[in-house]
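Inside the fold
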Amino acid sequence: MGERYRNRMELLQGTLDLLVLQTLLWGPQHGYGIAQAIRANSGDLLQVDAGSLYPALHRLEKQKWIGAEWKVSENKQDVKVYKLTAAGRKRLTEERSRWAQLTDAIAGVLNPAAKKES
Amino acid sequence: MKPWWNWRKQDRELQKEVEHHLQMAEAERLERGASPEEARTGARREFGNVGLTKELARDVWGWRWLEDLFEDVRYGLRVLRQNPAFTAAAVLAIALGVGINVGIFSVLNGAALRLLPVPRAEQLLSVDQVFHGRINRNVHNEQSFFSYAEYLDYRDHNQVFTGLAAYEPFLEATLGGLKMRGLLGALTSCNYFDVLNEHAAQGRTFVDADCAAAGQGAVLVISDELWRSAFGSDPALVGRQIVLNQTACTVIGVMPAGFTGTEPVASAFWAPVTMQKNLDAGHDRLGDSNQSWLAMLGRVRPGLTLEQVRADLSVIATRIDESHPGRQTTLAIARAAFFGRPKERGFLIPAAAVVLAAFGLVLLIACANVSNLLLARASVRHREIALRQSIGATRWRLVRQLLTESVLLAAAGGTLGSLLAFWSFAGIVRLMMSQLPESFPTLAVNVAPDFRVLGFAMGLTLMTGVVFGLVPALRTSSLDLNAALKGDGAQAGSGKKSGRFLRNAFVGAQVAVCMILLLAAGLLLRGLYYAQTVNPGFEMKGLATTFFNLRSLNYDESRAAEFVGQLRERAAALPGVTGVAQAECGPLSSDRSGDRFFVGASSEPVAIEYNHVSPEYFSVVGIPIVRGRGFGANDWKERSAIIVTESTARKLWPGQEPLGKTLYSRLTGGRRGPEYAVVGVARDAQVSHLGESDTMYLYFPGGSPADSLRSYVLVRFAGNFTDLGNGLRGIARSLDADVPVEVTKIEDNLEVWRAPSRIAAGLAGALGGLALLLASIGVYGMVSYSVSRSVREIGIRMALGADGSEVMSHVLRQAMWPVVIGALIGVAGSAAVSWVLSSMLFGLNARDPIAFVAVPMFLLLVALAASYLPARRAMRVDPVVALRYE
């Protein structure tokens, strides 16, 4: 268990929303599932803190980018399942293009030689 | 956004969501082969701070404040429950303060804010006119009233009312036949009841045909009260004729019990406005287009604003102004309520402000008292506050917590007080009304609480909670953590200079406010005493008066002169009667006449009150003529002789011989009228206003036949008043059985003058008493608190050799200086504002030295007694016990 923590990376500020929205693009998911999906898809590198995840989920819900409904799981438990809304999809596209710009910009700073002429 | 009232449900959902997360994480760990114990703690550890996460998630929705509030309320209730003595004292003080304020507000609300008690009253507007520029107007009751012609103009040409009614509010009338009584009724336009949407309980109300022409429509609608009291609830009354002011009228309807008209004074009957000349003979108001006499009420069309109504009616007003060059009329339009006329409001608003201020002062004392209790308790709570602070509560959070507690206290006190007020004030108002002399009409004031009263009560309660809680909360939350946590709570409480200063300031404020109220009560009481002992300048004892309004009984001048002449002659022959006189205005009656006169060649007119009196007046009333002569029997024919009072002569012609000086009456348009010459000077007497003998006053020779239409007959008698009354009534009945006779002693007129000041004195006395009680509890509380806090200090003093009396005087000195400073401030404040009472003091100086010495002495003595009781405990401190204390 201690092994994994060593490789953990801090999430960049403002990227959690992007990750949550992207994760929900593949289908409705509950909070724990979202956290696991992010971890799995990042090769265990990105650990989402519950203390950041839930406030973020509720904030996105309040902004109507994701919707939530209650379902009953196979072991008869109430589960709150989040899914992407139309507004959320639009938001995801915007966030993705912003992220692309950001990574390009950072790459440009780190590798001035490889800077593309455009 | 999810509605806030769902926050509890959402809270449960959040809890479930978090639990689910933990269970999933736990299950995964179990799958990977961890022990159940490991799995659970691991899941928890990975999740982090569950409480914090939930709080952050909740913050997203903005429910945090609500949750904090719940928390604070729960905590506050617990704290208050734990200190029942403190809570009870504070709640009682607030209940008292808030209760009396809510009560007085409900009275004012009933008197002036409530809409008229008719269906859909919110649509009813009152219309008044205010004249500017050159005004030349005949006025009956109020200048803001309308003439009949103007009313018809507004009624027929406005676009904003579904109906516009007019009425003369106060018509005095005598019910004829065997049931002779004076009544107050109204003359109304024939759509009056339709506009009000009121229907008769029996019979009908007016129809347009009743108002078709002047002198037509001898029909009456009477009140339920009159139907019961004068006609014994006769079910066959409708359709019968009764005689009102010597005019036979057919009763066509009886109104339901709740309807008393649209004035605060209840109406007994309503007659068509076209009957004005018949019912009030001798005056033609109906035909005079420049006569103010009709109040107007309109039912506005739905959806119109007051501005639109004013705009529409102003067109008519401007058109009417065209025939009155130099005059501009503005209209005052308001939702119809009692006392809504510009002049009435002008009187009511300052009066209400004074009353509300006086009541507010008592609430202020109660607040200061509770503040002090809270401050005293703050020292006990230092450790608790320090603890909360050390685990991270911000100052703002603490203040909010403490304020929640005080608002809870206020809510408890406010609710209790308001309930008491709702329950008791109707009775208190009845009691006060019963203090008024019988000649005062009963007022239809509804003091039952409505939404305005409830709003006032809640607003006042909330404000009270913040007012008395804020200073203690700010102070309690700003403590020195180190000192408090070290456990030196006792010293943190009493040792801090600012805490003691605040408590002293609160005591001083209470004393100051209490002083103002007590001084007001003292001044009013002194005024009453003064009014009883003062020499009015004439002989009040053994003087009886009776008033005849023969004009209202359709007498003409010669018949009236005959009646009064006969009556005077035969009254003079009654046993015990030593003199009979006649006057236009009886001494200290409610009748008063006045006009503007030109003095000599001066072009500036002077306002002077006057009276038309018969030659015997001066000897009968007992006013000596100090210069010149009295009136002779024929002076009224010449119409040129006048008698002025001494002070009038002094003011008009200082240092000159008044005899032979001339005055001119002022005719309409400001022209000079007939000349009058002073033939005598009478001694000053308070015949017009009790307590004022220096009013400008002059006497005209009276006794002309016209004077007899409406006059007072004054009888000087020695002997039994009842016999005199019977004798006068017998004479009048033998002359004309239809003339009502009411004989009163002049001394009884004094009651009318004293009633307002007696009510005010009672009110101020009751308020002052409450204030004194609260303030002495405040002083007592502060002294006993500071004694209990400085037991150790006292013990040391005693151990060092101070004896009991030294300790005592030390404690008393400390206790009394805020009291003395507060008292001084209160006296200075009173001296600055006591002039507002001067109209009720009968000429007593508003800074009457006796009141201003006696009241402060009394208050200081009470304060001394209140501090002596706890100070005695200080004297009995046993040094040995005291030094071991704590």
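About the thresholds
- Each chain has its residues counted from 1, following the order in which its sequence is written.
- Each chain gets a letter, beginning with A, and each ligand a number, beginning with 1, in the order they are written.
- Per-residue local features of the predicted model are confined to residues with pLDDT of at least 70, and side-chain atom pairs are confined, for both listing and counting, to 80 or more; whole-chain, interface and lining totals are unaffected and use all residues.
- A run of H or I in DSSP becomes a helix once it reaches four residues, and a run of E becomes a strand once it reaches two; helices and strands are each numbered from the N terminus.
- Buried residues are those with 20 or more other C-beta atoms within 10 Å of their own C-beta, exposed residues have 12 or fewer, and partly exposed residues lie in between; C-beta atoms are placed from the backbone.
- Taken from the helix axis, the directions to the C-beta atoms give the arc we talk about.
- Note on method: axes are straight lines fitted to C-alpha atoms, helices fitted across the in-contact stretch only, with angles between N-to-C directions ranging 0 to 180 degrees.
- Angles below 35 degrees are treated as roughly parallel, those above 145 as roughly antiparallel, those between 65 and 115 as roughly perpendicular, and all remaining angles as oblique.
- A crossing counts as left-handed when the near helix is turned anticlockwise from the far one by less than a right angle, and as right-handed when that turn is clockwise.
- By the criterion used throughout, residues are in contact when their C-beta atoms, derived from the backbone, lie within 7 Å.
- For this classification, Asp, Glu, Lys and Arg are treated as charged, while Ala, Val, Leu, Ile, Met, Phe, Trp, Tyr, Cys and Pro are nonpolar and the rest, including Gly, are polar.
- One requirement defines pairing of two strands: DSSP has to find at least two bridges between them.
- How far a helix is expected to stretch is found by multiplying one less than its residue total by 1.5 Å.
- An automatic or database domain assignment is the source of the domain bounds shown.

1. Digging into the overall build of chain A
- Summing up its helical and strand segments, chain A has 5 helices and 3 strands in all.
- Across chain A, helices and strands are ordered from the amino to the carboxyl terminus as α-α-β-α-α-β-β-α.
- Across the 118 residues in chain A, those meeting the buried criterion constitute 25%.

2. Comments concerning helix α12 (residues 382-390) of chain B
- Burial in α12 of chain B covers these residues: His382, Ile385 and Ala386 of chain B. Buried residues of α12 of chain B, viewed axially, fall in a sector of 100°; they line one side.

3. Thoughts on the packing of helix α2 (residues 15-25) of chain A against helix α5 (residues 86-110) of chain A
All names here are of chain A.
- Running from N to C, α2 and α5 point in directions that differ by 125°, and their axes come no closer than 10 Å. Comparing the axis directions of α2 and α5 gives the class oblique. Our pair here, α2 against α5, has a crossing hand that is left-handed. Contacts from Asp17, Leu18, Leu21, Gln22 and Leu25 of α2 reach α5 at Gly88, Arg91, Leu92, Glu95 and Trp99.
- Within the contact of α2 with α5, the residues separate by chemical class into 5 nonpolar, 2 polar and 3 charged.

4. Topic: the sheet that holds strand β1 (residues 29-30) of chain A
Residues and elements named next belong to chain A.
- Strand order in the open sheet made by the 3 strands is β1-β3-β2, with antiparallel pairing throughout. For this open sheet the edge positions go to β1 and β2 (66-72), each flanked by a neighbour on one side alone.
- Direction of pairing for β2 relative to strand β3 (residues 78-84): antiparallel, over a ladder of 7 bridges. Among the inter-strand pairings, glutamate 69 is bridged to a residue of β3, identified as valine 81.

5. Some details on helix α2 (residues 36-47) of chain B
- When the terminal C-alpha atoms of α2 of chain B are compared, their 17 Å separation across 12 residues agrees well with the 16 Å that a helix rising 1.5 Å per residue should span.
- Remark: glycine 48 of chain B follows α2 of chain B within two positions and exhibits a positive phi of approximately 90°.

6. Considerations on the interface of chain B and chain A
- On the side of chain A, 15 residues touch chain B, which itself brings 17 residues to the contact.
- Only α1 (7-31) and α3 (50-61) of chain B provide two or more residues apiece to the side of chain B that touches chain A.
- Here the side of chain B that touches chain A is composed, by residue class, of 9 nonpolar, 5 polar and 3 charged.

7. Quick word on the packing of helix α6 (residues 148-157) of chain B against helix α10 (residues 306-321) of chain B
Residue and element names in this part refer to chain B.
- One can describe the packing of α6 onto α10 by two numbers: an axis separation of 10 Å at closest approach and a directional angle of 140°. Of the possible angle classes, the one that applies to α6 and α10 is oblique. When you trace α6 past α10, the crossing you get is right-handed. Taking contact as the criterion, the partners of Glu150, Asp153, Tyr154 and His157 in α6 are, on α10, Leu313, Ile316 and Ile320.
- Taken together, the residues of the contact of α6 with α10 sort by class into 4 nonpolar, 1 polar and 2 charged.

8. A closer look at the environment of histidine 199 of chain B
All names here are of chain B.
- Its place among the elements puts histidine 199 in the loop between α7 (192-196) and β5 (202-203).
- Looking at histidine 199, the number of C-beta atoms within 10 Å reads 14, which means it is partly exposed.
- Each C-alpha atom of the pair histidine 199 and leucine 364 lies 48 Å from the other, and the pair is 165 residues apart in sequence.

9. As for the domain arrangement of chain B
Residue and element names in this part refer to chain B.
- You can read the domains of chain B as domain 1 (4-62), domain 2 (121-337), domain 3 (346-533 + 753-884) and domain 4 (543-717).
- One C-alpha centre belongs to domain 2, the other to domain 3, and the line joining them spans 50 Å.
- With 5 residues of domain 2 at the interface, the matching set in domain 3 holds 5 residues.
- Each residue belonging to the side of domain 2 that touches domain 3 can be placed in one class, and the counts come to 4 nonpolar, 1 polar and no charged.

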